Amino acid sequence: MSENLQTSVREICRACNNDRARMMDIVLAVQAKYGCVSSEAMDTIAKAVSTHRVEVESVVSFYAFLSSRPKGKVVIRLCNDVIDRMHGADRVAETFRQELGIGFGETTPDGQISLEYTPCIGMCDQAPAALVNDVVVTELHRSTAQHIVREINRHMDPRRLVTRLGDGNNAHQLVQAMVNNNIRKAGPVIFAPSDLGAGLAKALAMSPAEVIRDIKTARLRGRGGAGFPTGMKWEFARGANDQNRYVVCNADEGEPGTFKDRVILTERPELLIEGMAIAGYAIGASEGIIYLRGEYAYLRAFLEHMLNECRNWGILGQNIGGKKGFHFDIRIQMGAGAYVCGEETALLSSCEGLRGDPKNRPPFPAQKGYQSHPTIVNNVETFCCVTRIMDKGAGAFAQLGSSGSPGTKLLSVSGDCRSQGVYEVEFGIKLRDVLKMVGGEDAGAVQVGGPSGRMVGPDEFDRPICYDHLATGGALMVFGPECNVVDIARQFMEFFVEESCGYCTPCRVGNVLLKERLEQILAGRGEREDLAYLQELGETIKTMSRCGLGQTSANPVLSTIQSFPAAYEALLKDTRTDGFRPTFDIGAALGEAQAIVGRRSVHFAD
Amino acid sequence: MSETMTITIDGREIQARPGQTILEAAEAAGVYIPRLCYMKGLTPHGSCRVCTVLVNGRPQSACTQPATPGAVIENDTERLLALRRNIIEMLFVEGNHFCMFCEKSGNCELQALAYRFGIPAPMYPYLWPKREVDASHPDVMVDHNRCILCARCVRASRDLDGKNVFQFVNRNGHKRVAVNAEARLGDTDLKVTDKAVAACPVGALLKKRVGYAVPVGKRLYDHEPIGSDIAAAHKK
Ligand SMILES: Cc1cc2nc3c(=O)[nH]c(=O)nc-3n(C[C@H](O)[C@H](O)[C@H](O)COP(=O)(O)O)c2cc1C
Ligand code: SF4
Ligand code: FES
């Protein structure tokens, strides 16, 4: 057994050239085969790739989908984000618990099935949803949950849970998922019909510098959330003094409530791949990487197939488009369940086979990124815009949207509205008009940009969606008039506490403290002073944190205090005049002691 | 080649060499920027965030940020002092720190920073984590209750001792230092003379049998606040 394990782990390492940088591929393969990366496996991997055992443990222990202790052959991961819970995930959780006879974080006594929670899996438009190994199950309710457990107990084959197929490529033989695209509104940039290879051909007819100039003329800004000007980023990378450069696509899509990249990857992968090839030409790179979140593993075989198709079509490969010396190809790097890996430097750490810790900046990725070479990281949607800009011209693109924010934006709309799904709208559209379009006119609050964004109330619904007003990487979570914004903020803090990489003090500790105080307030033990406390704590985390995660994680608290003061007021106790805080009930605390000694404390001699 | 540049810290112009970080340049000019995970001779880690300054208005960790010509830096401001105090308090409530009977008391950089910042007791609630003590090594012990995750032992073992005895495992608040063995420090090739042991700023990594050797009054930070030596060295 043990010799078998060592032989086959060594085999896996050899298939990855015993390359330490491919640690993620190695540990994912071991995890898939043995249900864990055991202590013995770690020793074997360390020897094979010439590193230290604790380095392997360091990686394995970082990612939610990897484990050093054995898990069941089938792992059910129920998504517990705010939207899923709004749609009944708690009832589904209860059913799973009852049917399996175990709690979350546990494995059945026969070692067959494990039950876990996982943050947003990119299915908010068809929530509640879960992953059963790699298989996505959507729109769950009690009876489907019961059915899933009974089926799995019978055949242990998650693939057989898919009894209906979704629309479009979800039904492709390499996908076979019950996921639906839910494309509610197609716009001119992403979802309009496209002429395969036309953008790349036009780019190749220009010089790389001219391509970058066009991207700048189109004033394209990143679609992943931060909104950095794409042309400028490319220019930095092109100008860096190094012959090896890299193009990386950020397909981590971890921001809760965001699922538009999932739909692009399913329906428009060739637009993305072409955009990456154009980027490769522009910055002088010959290698590209698509970092695909572990939750989207069900799309992997299909994407590999599409990469092959693009090789056949001459979009990838050697001397592309007859251009001598322009070679470009792409590989897929799988993630393993870590939101922070969407942060571009953490993503590069992960690609290098390390923990998903963000890196110190400077140097920036465009100077020194993947394996210390100049690297551009762009969002899936950004690359698609690039292809379209090359094909239809920078001017046509710049005419769409608003002056500061040209082009269209994909919105992932979920929550309390009639038509959840993906909408391609022009920048500059008012939030109120979006709400009308999606059937969420009576919304009481909208989370714009996911937990790291802002919660806005009806008095801000007339603001436009664009980089300068309501900026968003794409998520719009709609909440009804009765929603409890303080509790929503608490749930978002739960997410950040779990997903903090733990590197820096303010994010690692501060978010725990924010969550603690929100819980106190929600339990009726809040005081007026708590608002100032939360604000000071939130500002500290925002200012002092090392990466974008901590710099935005306090937003749910800060923005709800700002926009919904009445919601907090309603929960706060009037301040006591003696300055004491009722943090615990001394009578209850003494109860146990009283029971032991068999008499009542003199403090309660009433 | 090594032309100097001028940067401004709290209104005072100082000279910096290319390649120097803001923290190093300031130190050379006798300006103390509070720090904790930074240690001379180790690659900067940028994790504690105590050294945060404003560079042209933007918060940056001084230990990782290179000096650039003309940079305007704020260091000793009310606001930054308050923010740093918050960070130091976070470190206290995150672990289990009992200074009154800790062997490192008086020589501990965390405790000394708290004194320098005038923190009598943290305003945050204690988190009381359950953490382990590993006394398996004949000469060295690890008390995770006191670890502040500064990575000084990790870096020192890797870069100075050439050993990789320590590395972080887990993420978020569960992050901790692990050893390069199945579980126990005693099973690693750590020597008591390793630089990694001496690198610990707090009482998490301690030599056995030498606790409380220095009497109160003679300990490192008994008389002057931590950082005083930097200004003093410059005056000489
Ligand atoms: C915690 C965190 C998570 C992020 N997640 C993503 C993500 O899933 N997808 C993405 O494109 N960008 C994400 N980003 C932004 C990236 O760091 C980076 O700005 C982006 O990929 C750049 O591409 P763009 O300019 O095309 O938007 C994240 C940032 C942070 C701080
Ligand atoms: S802010 Fe700090 S702890 Fe949080 S994810 Fe970024 S580096 Fe990690
Ligand atoms: S000393 Fe700079 S972050 Fe710790």
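In this text, all values refer to a predicted model and were calculated from it rather than measured experimentally.

Draft legend 1. Molecular detail of the pattern of salt bridges. Residue and element names in this part refer to chain A. Enumeration according to the criterion identifies 51 salt bridges over all chains in this entry. The shortest N-O distance in the salt bridge between Arg 300 and Glu 304 comes to 3.4 Å. Placement of both Arg 300 and Glu 304 in helix 13 (residues 300-312) is noted, with a separation of four residues, approximately one turn of the helix. Take Arg 300: its relative accessible area is 32%, and that puts it in the partly exposed class.

Draft legend 2. Representation of the interface of chain A and chain B in the model. Listed as interface residues are 43 residues of chain A and, on the opposing side, 42 residues of chain B. Between chain A and chain B lies a buried interface of about 3,500 Å² when both sides are counted; carbon and sulfur atoms form 55% of it. The interface formed by chain A and chain B holds four salt bridges in total. For the salt bridge of Arg79(B) with Glu536(A), the shortest nitrogen-to-oxygen distance reads 3.2 Å.

Draft legend 3. Expanded view of the domain arrangement of chain B. All names here are of chain B. As far as domains go, chain B holds domain 1 (5-76) and domain 2 (85-207). Here the C-alpha centre of domain 2 lies 25 Å away from the C-alpha centre of domain 1. Contacts between the two partners involve 15 residues from domain 1, matched on the other side by 19 residues from domain 2. Both faces considered, domain 1 and domain 2 share a buried interface measuring about 1,300 Å² in area, 69% of it formed by carbon and sulfur atoms. Counting every contact that joins domain 1 to domain 2 gives zero salt bridges. Counting across the interface, domain 1 meets domain 2 through six residue pairs in polar contact (both at pLDDT 80 or more). Per-class residue counts for the side of domain 1 that touches domain 2 are ten nonpolar, four polar and one charged.

Draft legend 4. Main features of the packing of helix 18 (residues 485-499) of chain A against helix 22 (residues 555-563) of chain A. Residues and elements named next belong to chain A. Axis separation between helix 18 and helix 22 bottoms out at 8 Å; the angle between their running directions is 165°. Relative to helix 22, helix 18 is oriented roughly antiparallel. As for the relative orientation of helix 18 and helix 22, their crossing is left-handed in sense. Within the contact between the two elements, helix 18 uses Val 485, Ala 489, Phe 492, Met 493 and Phe 496 and helix 22 uses Pro 556, Val 557 and Thr 560.

Draft legend 5. Seen up close, the pairing of strand 1 (residues 74-79) of chain A. Residues and elements named next belong to chain A. Of all the six residues making up strand 1, six are buried; the element is thus mostly covered by neighbouring parts of the structure. What you see with strand 1 is no split at all: Val 74, Ile 76 and Leu 78 on one side and Val 75, Arg 77 and Cys 79 on the other are buried throughout. Taken together, the six bridges between strand 1 and strand 3 (residues 113-118) define a ladder with parallel strand orientation. Pairing of Ile 76 across the sheet is with Leu 115, part of strand 3. Here three bridges tie strand 1 to strand 4 (residues 130-132), and the two strands are oriented antiparallel to one another.

Draft legend 6. Region of the structure containing the domain arrangement of chain A. Residue and element names in this part refer to chain A. Taken as a whole, chain A is organised into domain 1 (2-57), domain 2 (74-163), domain 3 (184-398), domain 4 (408-479) and domain 5 (485-573). Look at where the C-alpha atoms of domain 3 and domain 4 centre, and you get two points 26 Å apart. Facing the 24 residues of domain 3 at the interface are 24 residues of domain 4. Taken over both partners, the interface formed by domain 3 and domain 4 buries close to 1,900 Å², and the fraction arising from carbon and sulfur atoms is 58%. On the surface where domain 3 and domain 4 come into contact, there are one salt bridge. Counting every contact that joins domain 3 to domain 4 gives 17 residue pairs in polar contact (both at pLDDT 80 or more). Elements represented by at least two residues in the side of domain 3 that touches domain 4 include exactly strand 6 (183-185) and helix 11 (260-267). When residues in the side of domain 3 that touches domain 4 are grouped by element, the largest group, three residues, is from helix 11.

Draft legend 7. Just the nonpolar core, in detail. In terms of nonpolar packing, the biggest core is built from 204 residues, with Ile45(A), Tyr63(A), Trp234(A), Phe328(A) and Phe166(B) touching the most fellow members. It is helix 12 (residues 269-283) of chain A that provides the largest number of residues to this core, a total of ten residues. When residues no more than four places from it in sequence are discounted, the contact partners of Phe328(A) are Val247(A), Met276(A), Ala277(A), Gly280(A), Ala285(A), Ser286(A), Glu287(A), Gly288(A), Leu316(A), Gly317(A) and Ile320(A).

Draft legend 8. Seen up close, the site of ligand 1. All names here are of chain A. Taken together, 19 residues lie near ligand 1, and Gly 224, Asn 250, Asn 378, Asn 379 and Thr 382 sit nearest. Between ligand 1 and the protein, one listed contact pairs a nitrogen atom with a backbone N or O atom of Gly 342 at 3.2 Å. One of the side-chain N or O atoms of Thr 382 is found 2.7 Å from an oxygen atom in ligand 1. Here ligand 1, which alone exposes 610 Å², has 89% of that area covered by the protein. Within the residue set of the shell around ligand 1, elements represented by two or more residues are strand 10 (375-379) and helix 21 (548-552). Per element, the largest residue contribution to the shell around ligand 1 is three residues, and it comes from strand 10. In terms of residue class, the shell around ligand 1 is built from four nonpolar, nine polar and six charged.

Draft legend 9. Representation of the packing of aromatic side chains within the structure. Residues and elements named next belong to chain A. Under the definition given, this model contains 13 aromatic pairs over all chains. Ring centres of Tyr 296 and Tyr 298 lie 6.4 Å apart, and the angle between their planes is 90°; this geometry places the pair in the edge-to-face category. Ring-pair connections join several aromatic residues into one group, and the members of that group are Tyr 281, Phe 326 and Phe 328. Across the ring face of Tyr 533, the terminal group of Arg 517 is positioned such that the distance to the ring centre comes to 4.0 Å. Over the ring of Tyr 503 we find Arg 546, and its NZ or CZ is 3.6 Å from the ring centre.

Draft legend 10. View of the sheet that holds strand 10 (residues 205-207) of chain B. Residue and element names in this part refer to chain B. Sheet architecture is open: three strands sit in the order 6-7-10, paired in antiparallel fashion. Sheet topology places strand 6 (133-134) and strand 10 at the edges, where each strand pairs with a single neighbour. Pairing of strand 7 (residues 140-143) with strand 10, which is carried by three bridges, proceeds in the antiparallel orientation. The residue of strand 10 that forms the bridge with Met 141 is Leu 206.

Draft legend 11. Examining the packing of helix 20 (residues 529-544) of chain A against helix 22 of chain A more closely. Residue and element names in this part refer to chain A. In the contact formed by helix 20 and helix 22, the axes pass within 9 Å of each other and the chain directions differ by 135°. Accordingly, the angle class assigned to the pair helix 20 and helix 22 is oblique. Both helix 20 and helix 22 take part in a crossing whose hand is left-handed. Here Leu 531, Leu 534, Gln 535, Gly 538, Glu 539 and Lys 542 of helix 20 come into contact with helix 22, specifically with Asn 555, Val 557, Leu 558 and Ile 561. In the contact of helix 20 with helix 22, the residues fall into five nonpolar, three polar and two charged.

Draft legend 12. Layout of a nonpolar patch on the surface. A cluster of nonpolar residues, Phe98(B), Met100(B), Phe101(B), Tyr126(B), Trp128(B) and Tyr212(B), forms a patch on the protein surface that exposes about 750 Å² of accessible area. Within the fold, Tyr126(B) resides in the loop between helix 3 (109-116) and strand 6.

Draft legend 13. Here's a closer look at the environment of Asp125(A). Residues and elements named next belong to chain A. Position of Asp 125 relative to the elements: it lies in the loop between strand 3 and strand 4. Residue Asp 125 is classed as buried on the basis of its relative accessible area of 5%. In this structure the C-alpha to C-alpha distance between Asp 125 and Ile 83, which are 42 residues apart in sequence, comes to 8.7 Å. Excluding anything up to four places from it in sequence, Asp 125 contacts Asn 180, Asn 181, Asn 182, Phe 259, Arg 262, Ser 414, Gln 420 and Gly 421. Within the structure, Asp 125 has its side chain in polar contact with the side chain of Arg 262 (distance 2.9 Å).

Cut-off values and rules
- Residues numbered from 1 in each chain as written.
- Chains lettered and ligands numbered in written order.
- Predicted model: local features only at pLDDT ≥ 70, side-chain atom pairs only at ≥ 80, totals over all residues.
- Heavy atoms only, no water.
- Salt bridge = Lys/Arg side-chain N within 4 Å of Asp/Glu carboxyl O.
- Helix = DSSP H or I, 4+ residues; strand = E, 2+ residues; numbered from the N terminus.
- Buried < 20%, exposed > 50% of the residue type's maximum accessible area, 1.4 Å probe, protein only.
- Contact = heavy atoms within 4.5 Å.
- Buried area = accessible area lost by both parts, 1.4 Å probe.
- Domains from an automatic or database assignment.
- Polar contact = N/O pair within 3.5 Å; in protein donor to acceptor, adjacent residues only side chain to side chain.
- Nonpolar A, V, L, I, M, F, W, Y, C, P; charged D, E, K, R; others polar.
- Axes fitted to C-alpha atoms, helices over the stretch in contact; angles between N-to-C directions.
- Parallel < 35°, antiparallel > 145°, perpendicular 65-115°, else oblique.
- Left-handed = near helix turned anticlockwise from the far one by under 90°.
- Pairing = 2+ DSSP bridges.
- Core = buried A, V, L, I, M, F, W, Y, C linked by side-chain atoms within 4.5 Å.
- Near = heavy atom within 4 Å.
- Areas by Shrake-Rupley, 256 points an atom, 1.4 Å probe, with all protein chains shown as cover.
- Phe/Tyr/Trp six-rings, centres within 6.5 Å; stacked < 30°, edge-to-face > 60°.
- Lys NZ or Arg CZ within 6 Å of the ring centre and 35° of its normal.
- Patch = residues over 30% accessible without salt bridge, like charges linked within 9 Å, V, L, I, M, F, W, Y side chains within 5 Å.

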